[in-house]
Amino acid sequence: QVRLAESGGGLVQPGGSLRLSCAASGSIFNIYTMSWYRQPPGKQRELVATITSDSVANVADSVKGRFTISRDNAKNTVYLQMSSLKPEDMAVYYCYVQVRGGGYWGQGTQVTVSS
């Protein structure tokens, strides 16, 4: 039905920046909330940021002031701009899109923060 293509992950030094993107394609009727989750090594998946169809954004306290979520509805794409990256931010990042009747997960993209 819906496919999510994630990109933008990679290796950065502490204090660096990355921009993740997640583009939805396929049979899409309506996309409501779009979100980013992350799963550090050995830890559970956690919510990072959400954004509504009206571009009302919310981010977790752990990344507030450093991460910004945005979306381009014409492209069915959600972004996560990450700045001032810390080693604690190292994780696999997953996007999630909510549609009527459920939601879809991206395949995940690795973010590595290391000197």
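Up top is the structure.
Below you will find a few notes about this structure.

Reading the values: rules and limits
Every chain is numbered on its own, with residues counted from 1 as its sequence reads. Per-residue local features of the predicted model are confined to residues with pLDDT of at least 70, and side-chain atom pairs are confined, for both listing and counting, to 80 or more; whole-chain, interface and lining totals are unaffected and use all residues. Here the side-chain values reflect all heavy atoms present in the structure, with hydrogen atoms and water set aside. By convention in these notes, a salt bridge is any Lys or Arg side-chain nitrogen within 4 Å of a carboxyl oxygen on Asp or Glu. Relative accessibility under 20% of the residue-type maximum defines a buried residue, over 50% an exposed one, and the middle range a partly exposed one, all with a 1.4 Å probe and only protein chains included. Secondary structure elements are taken from DSSP: a helix is a run of H or I of four residues or more, a strand is a run of E of two residues or more, and numbering for both begins at the N terminus. Sulfur atoms of two cysteines make up a disulfide when they are within 2.5 Å.

Quick look at the pattern of salt bridges now. Summed over all chains, the structure comprises four salt bridges. Residue arginine 38 is joined to glutamate 46 by a salt bridge in which the shortest nitrogen-to-oxygen separation is 2.7 Å. The exposure class assigned to arginine 38 is buried, which follows from its relative accessible area of 5%. Put simply, arginine 38 and aspartate 89 hold a salt bridge, and the shortest N to O gap is 2.9 Å. In this pair, arginine 38 sits in strand 4 (residues 31-39) while aspartate 89 sits in the loop between strand 8 (77-82) and strand 9 (91-99), placing the two residues 51 residues apart along the sequence. Salt bridges here are not isolated pairs; linked through shared partners, they connect Arg38, Glu46, Arg66 and Asp89.

Turning our attention to the state of the cysteines. Applying the stated criterion across every chain, the model contains one disulfide. The disulfide partner of cysteine 22 is cysteine 95, and the gap between their sulfur atoms is 1.9 Å. Taking the sign of the torsion about the S-S bond as the criterion, the disulfide between cysteine 22 and cysteine 95, at about 45°, is right-handed. Here cysteine 22, found in strand 3 (residues 18-26), pairs with cysteine 95, found in strand 9; they are 73 residues apart in sequence, far enough to count as distant. The residues cysteine 22 and cysteine 95 share a single accessibility class, namely buried.

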